[in-house]
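The lines below spell out each chain.
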Amino acid sequence: SMSYLRRDAIRCGIQAAQLLFENMEKPAIFETKQICIEPHGVVEKLFEEQTLTAPEQSKGKTLKLLLLESNVSKTVETLSRDFTAQTGIHVSVTAASQTELIRMILDGARNHSSEYDIIMADMHWLQHLKQEKVFCRLNDLMPLDKLMPHYVREVRSYILSGNEGEDLYALPILAGYQMLAYRSDLFDDALLKKKYYLKYGVQLCPPQTWNEFNLTAKFFTRQFNEESPVEFGTCLTGGKPEGIMAEFLPRQWSYMGKFLGSNGLDMVSVANLRAVKNLCESYRYSYPDCMDFLEEEQVQEFARGNIAMISSYNVHLQDKLDLTNQNIRFARIPGVSALIGGWMLGINAYSKQIEESTLFLNWEMSDKIAVHSSLLGQISPFKSVFYDSELLTIYPWMRIVNESAVALRGKEFGTLNFPNDNAGRRLEQTLSDNLWRAILGEITPEEVLENTQMCFPDAFR
């Protein structure tokens, strides 16, 4: 049995420390204050309250879930005992790696398989999975008008695409935000800081622009600096198209590049060219065998300790890294915008247990389960979780996400910016292929944009 007591001891400690610092800094003019902090409430007992009611014919059935092998799958499996206690419906979890998961999902859709009832998918796969008819439409199954306000603003605006009446096929269970993870033992080393300053004339610190990112990555790449304590400055996600596009888009946004102009597709521009050139240079300082890397493989390589910094999603960083390791720190991603992503749960369109699956989603998407899940490592994108002072102390990257210096943006592909989903997906695939050809030196950065433009003469008019 598990219970969670929401206490304000941490908030009290923070307020007390702030008062102490104010007194120490300005003792002569410090004024005493009385601060009252309202309590959160009483103890919540997870496995006692019975709030769900399942039809009699549903009891004894088993829901089969296909999930990403991560904290999510472990957390859902653990907490599903509460769902079973309330409804009498059992839960079976199958966990798969990121690469294996998408293969299993697409194979199941093409075979109209009912093997799994609830399926987990990357947000960025959603448009493609809608074309493959993987998920049921949720609008008539769940009270979405009551559920949507529970999400934090960025996630809510992304999944609805600014259209309150849009059909929804899956709901976010885990929000992902790009950020910088770096080795603080390298960035705080006095000798390295001195050498960096003598070499470049600026202080060594987490980079704030993509030009600084490449400069710092070069400094920590042994091929270009024999005295570097690590072999590589960074490690890219090179998998096509998701991985390499996650690297390209923040660079494009920072240089004010875009895909669409007044006359349709507008790839050939100075801003887009700068982004391509920056990405190609980053690869020179990257772990080289990253062509098939998604975030999971990227973070695993970073965890080995031979890479100075990476740009990745918080969900993969918390899954694969030891957050108690004092040598790992987090910072805002370079540039002006970071990519928002994450993972969603949907009901298999071919499931024979739609009613039971809907009941499970309603349970999973409650504030109560969101808090318990977050304590176990699955950070729910609900407001009740994301601004919780206690959870902020457990997950240091959450404070960075709450800062407004870097805007969070979703991919443009497959959204209302593109006239049809398939064209956006083809553009993403074509551009990622050309980016890798430029990275490997087969074509020039200019040809990346020209080739992509030529492949879509009329698709986006």
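Residues numbered from 1 in each chain as written. Predicted model: local features only at pLDDT ≥ 70, side-chain atom pairs only at ≥ 80, totals over all residues. Heavy atoms only, no water.

Caption draft 1: Representation of the environment of Ile369 within the structure. With respect to the helices and strands, the residue Ile369 is situated in helix 15 (residues 367–375). Ile369 gets classed as buried once you look at its relative accessible area, which sits at 1%. Taking the C-alpha atoms as reference points, Ile369 and Asp82, separated by 287 residues in sequence, lie 9.5 Å from one another. (Helix = DSSP H or I, 4+ residues; strand = E, 2+ residues; numbered from the N terminus. Buried < 20%, exposed > 50% of the residue type's maximum accessible area, 1.4 Å probe, protein only.)

Caption draft 2: Representation of helix 2 (residues 71–87) in the model. For helix 2, built from 17 residues, the straight-helix expectation of 24 Å at 1.5 Å per residue is met to within 8% by its first-to-last C-alpha distance of 24 Å. Where helix 2 bends most, at Leu79, the angle is about 35 degrees. Counting buried positions along helix 2 yields 12 of 17 residues, so the element is predominantly enclosed. Here helix 2 has its buried residues at Asn71, Val72, Ser73, Thr75, Val76, Leu79, Ser80, Asp82, Phe83, Thr84, Gln86 and Thr87. Regarding helix 2, its N-cap is Ser70, as a side-chain oxygen of that residue lies 3.2 Å from the backbone nitrogen of Val72 further along. (Expected span 1.5 Å × (residues − 1). Bend = angle between axes of the 7 residues up to and from the residue. Polar contact = N/O pair within 3.5 Å; in protein donor to acceptor, adjacent residues only side chain to side chain.)

Caption draft 3: A look at the packing of aromatic side chains. This structure, assessed with the given rule, holds 16 aromatic pairs. Between Trp125 and Trp343 the ring centres are 5.3 Å apart and the planes differ by 80 degrees, which places this aromatic pair in the edge-to-face class. With a gap of 218 residues between them, Trp125 in the loop between strand 5 (118–122) and helix 4 (126–131) and Trp343 in strand 11 (residues 337–347) connect regions that are remote in the sequence. When its relative accessible area of 4% is taken as the criterion, Trp125 is described as buried. Taken together, the aromatic side chains of Tyr182, Phe187, Tyr196, Tyr200, Phe219 and Phe220 make up a single cluster linked through ring pairs. A cation sits over an aromatic face here: Arg251 above Trp210, 4.0 Å from the ring centre. (Phe/Tyr/Trp six-rings, centres within 6.5 Å; stacked < 30°, edge-to-face > 60°. Lys NZ or Arg CZ within 6 Å of the ring centre and 35° of its normal.)

Caption draft 4: Expanded view of the nonpolar core. With 133 residues, the main nonpolar core has Leu171 and Phe248 as its most contacted residues. Per-element accounting of this core gives the leading share, nine residues, to strand 6 (residues 171–183). In contact with Phe248, other than residues within four places in its own chain, are Phe259, Asn272, Ala275, Val276, Leu279, Leu431 and Leu435. (Core = buried A, V, L, I, M, F, W, Y, C linked by side-chain atoms within 4.5 Å. Contact = heavy atoms within 4.5 Å.)

Caption draft 5: Spotlight on the confidence of the model for the protein chain. With 86% of its residues at a pLDDT of at least 70, the protein chain reaches an overall mean of 85. Every residue in residues 40–47 is under pLDDT 50, and counting partners more than four places away or in other chains gives 27 contacts. Every residue in residues 414–419 scores below 50 in pLDDT, and together they form 16 contacts with partners more than four places removed in sequence or on other chains. (pLDDT = per-residue confidence, 0-100.)

Caption draft 6: Summary view of the layout of surface pockets. Space inside the second largest pocket adds up to approximately 340 Å³. The wall of the second largest pocket is formed by 15 residues, among which Ile102, Lys240, Glu242, Leu294 and Arg425 lie closest to the centre. At five residues, the largest contribution of residues to the lining of the second largest pocket is made by helix 3 (residues 98–110). Of the residues assigned to the lining of the second largest pocket, the class counts are five nonpolar, five polar and five charged. (1 Å grid on protein atoms, 1.4 Å probe; cavity = no way out; pocket = protein on both sides within 12 Å on 5 of 7 lines; lining within 4 Å. Points joined across faces, edges and corners; volume = space filled by probe spheres on them. Nonpolar A, V, L, I, M, F, W, Y, C, P; charged D, E, K, R; others polar.)

Caption draft 7: Spotlight on unusual backbone geometry. Residues Lys240 and Pro241 are joined by a peptide bond in cis, for which omega reads -5 degrees. With respect to the helices and strands, the residue Pro241 is situated in the loop between helix 9 (210–219) and helix 10 (242–254). Of note in the backbone geometry, His112 takes a positive phi value of approximately 55 degrees without being a glycine. Secondary-structure assignment places His112 in the loop between helix 3 and strand 5. Among the residues examined, His112 registers a relative accessible area of 53% and is labelled exposed. Although it is not a glycine, Lys133 sits at a positive phi angle of roughly 55 degrees. Assignment of secondary structure puts Lys133 in the loop between helix 4 and helix 5 (144–147). When its relative accessible area of 57% is taken as the criterion, Lys133 is described as exposed.

Caption draft 8: Spatial organisation of the pattern of salt bridges. On inspection of all chains with the given rule, the structure shows 15 salt bridges. The partner of Glu56 in a salt bridge is Lys59, and the shortest N-O contact between them spans 3.6 Å. One network of salt bridges, with partners in common, ties together Glu100, Arg103 and Asp107. (Salt bridge = Lys/Arg side-chain N within 4 Å of Asp/Glu carboxyl O.)

Caption draft 9: Representation of the pairing of strand 3 (residues 62–68). Within strand 3, five of the seven residues are buried, which leaves the element mostly enclosed by the surrounding structure. Pairing between strand 3 and strand 4 (residues 90–96): seven bridges, direction parallel. Pairing of Thr62 across the sheet is with His90, part of strand 4. Once the chain exits strand 3 it traverses helix 2 before rejoining the sheet at strand 4, and the crossover so formed is right-handed. (Pairing = 2+ DSSP bridges. Right-handed = clockwise from strand over helix to strand, strands pointing away.)

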